[in-house]
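The chain contents come next:
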Amino acid sequence: MNILVTGASGFVGRAIAESLRENNRVLGVGRREVNDCSFEYSRSDITNESSLFAVCEIMKPDVIVHAAAAVSRNNMDKSLIETNIRGTENILSFARKTGCKKIIYISSAPVIGVPVKNPITENHEVYPLTTYHLTKYFSELLLRNAPDMETIVLRLPSPVGAEIPRNKIFAVFISNCLSGVPIRLLGKGGRMQNYINVKDIGAAVMKAASSEATGIYNVTYPKSYSNLELAQLCKKTLNSKSEIVFYGEDPEEDMKWVYSCDKIRKELGFSPAVTIEESIREVATSIVNENRCSQ
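Along each chain, numbering runs from 1 in the same order as the chain's sequence is written. Note on the predicted model: pLDDT of at least 70 is required for a residue's local features to be given, and 80 or more for side-chain atom pairs to be given and counted; whole-chain, interface and lining totals, by contrast, use all residues. Working from all heavy atoms in the structure, the side-chain values ignore hydrogens and water.

A. Here's a closer look at the sheet that holds strand β1 (residues 2-6). Pairing between strands requires that DSSP locate at least two bridges from one strand to the other. In this description a helix means any DSSP run of H or I spanning at least four residues, a strand means any run of E spanning at least two, and both kinds are numbered starting from the N terminus. Taking strand neighbours across the sheet as the criterion, the seven strands line up as β3-β2-β1-β4-β5-β6-β11 in an open arrangement whose pairing is parallel. Of all the strands in the sheet, the pair left with one neighbour each is β3 (40-43) and β11 (215-218). Ignoring strand direction, the axes of neighbouring strands in this sheet form an average angle of 20°. Where strand β4 (residues 63-66) and strand β5 (residues 102-108) come together, four bridges link them in parallel fashion. Pairing of V65 across the sheet is with I104, part of β5. Residue contacts are defined here by distance: any two heavy atoms, one from each residue, within 4.5 Å place the two residues in contact. Whenever a helix is involved, its axis is fitted only over the stretch in contact; in every case the axis is a line through C-alpha atoms, and angles between N-to-C directions fall within 0 to 180 degrees. Together, β1, β4 and β5 form the strand contacts of helix α3 (residues 78-98), whose direction differs from that of β4 by roughly 175°. Across the face of the sheet, helix α4 (residues 131-144) comes into contact with β5, β6 (150-156) and β11 while running at roughly 160° to β5.

Below is the structure:
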């Protein structure tokens with residue numbers, strides 16, 4: 001297949017493009033310059049129609065994987081509307097112009113707001129708490145309600161992998177374990193989250209691309225971990241002597257992000273292949289190599 005991947009200069013988008021390239025022609029597009037990728041790449045801005053539509057000269061895709069998004073904690077950040085909504089509108093127009101009938105949209109599991117029932121299924125009520133999540137959900141609706149388009153929405157929890165941003169809790173715990181410094185946990189470490197390797201996200205996208213299914217799917221790891229459990233698992237996996245230290249109170253102490261994987265397993269035949277321990281070792285190796293290069 002000819003597959004266009006937006007946001008291919010980002011952590012998740014790039015991993016998806018690399019996963020798909022083995023058996024397909026993949027063209028990645030993104031705002032940043034990328035020089036060392038393993039797939040075709042074109043610098044393009046999805047908020048600029050002329051920039052995006054110039055891609056038509058390179059590829060007319062069979063499938064578009066839309067992973068591009070602006071991320072901001074500032075609810076008044078105009079780029080959230082411009083990129084996440086207007087950009088999605090442009091992707092929809094681009095698909096129609098090129099005759100593409102299938103869009104796989106990379107969304108965020110926390111669009112639901114606060115979990116009120118566990119495990120979280122694709123039918124969980126949706127009440128976005130931030131502008132970012134509101135724009136992601138709006139794009140879900142925009143694409144799913146396009147009558148001439150087959151759309152699959154993949155909702156992701158916390159993606160992990162070698163290139164994970166180093167300020168994410170998963171990377172911070174691993175870095176602390178490698179350095180032997182204490183792992184600081186807010187409150188009692190009870191907040192529970194879900195982590196899935198970007199390689200598995202790529203595998204899920206491949207299943208979606210070759211399927212005739214449509215709708216929403218959670219792409220999650222079978223088990224969720226509290227912050228305390230994650231810290232303990234990082235210590236055990238990396239044989240670290242780092243001390244776990246508790247401080248303050250966590251207002252989200254009792255929040256549990258526990259998901260049901262039943263729908264995607266039954267309908268798309270997808271199950272994650274990368275274990276949480278393998279993800280920990282992968283990130284640890286990347287951090288070690290990164291530190292060596294900086295010395």
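B. Focus on the packing of helix α5 (residues 169-179) against helix α7 (residues 227-238). The contact between α5 and α7 brings their axes to 9 Å, and the two run at 40°. It follows that α5 is oblique to α7 by the angle criterion. The element α5 and its partner α7 pack so that their crossing is right-handed. In this structure, α5 contributes I169, F170, F173, I174, C177 and L178 to the contact, and α7 contributes N227, L230, A231, C234, K235 and L238. Ten residue types, Ala, Val, Leu, Ile, Met, Phe, Trp, Tyr, Cys and Pro, are classed as nonpolar, four, Asp, Glu, Lys and Arg, as charged, and the remainder, Gly among them, as polar. For the contact of α5 with α7, the residue count by class is 10 nonpolar, one polar and one charged. Oblique is the label for every angle not falling under 35 degrees (roughly parallel), over 145 degrees (roughly antiparallel), or within 65 to 115 degrees (roughly perpendicular). Here is the rule for handedness: rotate from the far helix to the near one, and if that takes an anticlockwise turn smaller than a right angle the crossing is left-handed, while a clockwise turn gives right-handed.

C. Structural context of the packing of aromatic side chains. The aromatic pairing rule takes the rings of Phe, Tyr and Trp, using the six-membered ring of Trp, and pairs them if the centres are within 6.5 Å, calling planes under 30 degrees apart stacked, those over 60 edge-to-face and the rest tilted. Applying the stated criterion across every chain, the model contains three aromatic pairs. A ring pair is formed by F170 and Y195, whose centres lie 5.2 Å apart and whose planes are at 45°; its orientation type is tilted. Separated by 25 residues along the polypeptide, F170 in helix α5 and Y195 in strand β10 (residues 195-197) bring together distant segments of the chain. Each member of the pair, F170 as well as Y195, carries the same accessibility label: buried. Note on W257 and Y259: the rings are 6.3 Å apart at their centroids and 25° apart in plane angle, and the pair reads as stacked. Taken individually, W257 and Y259 each receive the classification buried, so the pair is uniform in this respect. If you follow R184 out to its NZ or CZ, it ends over the ring of Y247, 4.0 Å from the centre. The rule is short: NZ of Lys or CZ of Arg within 6 Å of the ring centre and within 35 degrees of the ring normal puts a charge over the ring. The residue whose ring lies beneath K223 is Y225, and the NZ or CZ to ring-centre distance is 5.0 Å. Working definition: with a 1.4 Å probe on protein chains only, accessible area under 20% of the residue-type maximum means buried, over 50% means exposed, and in between means partly exposed.

Without other data, these values stay purely geometric and don't point to any function.
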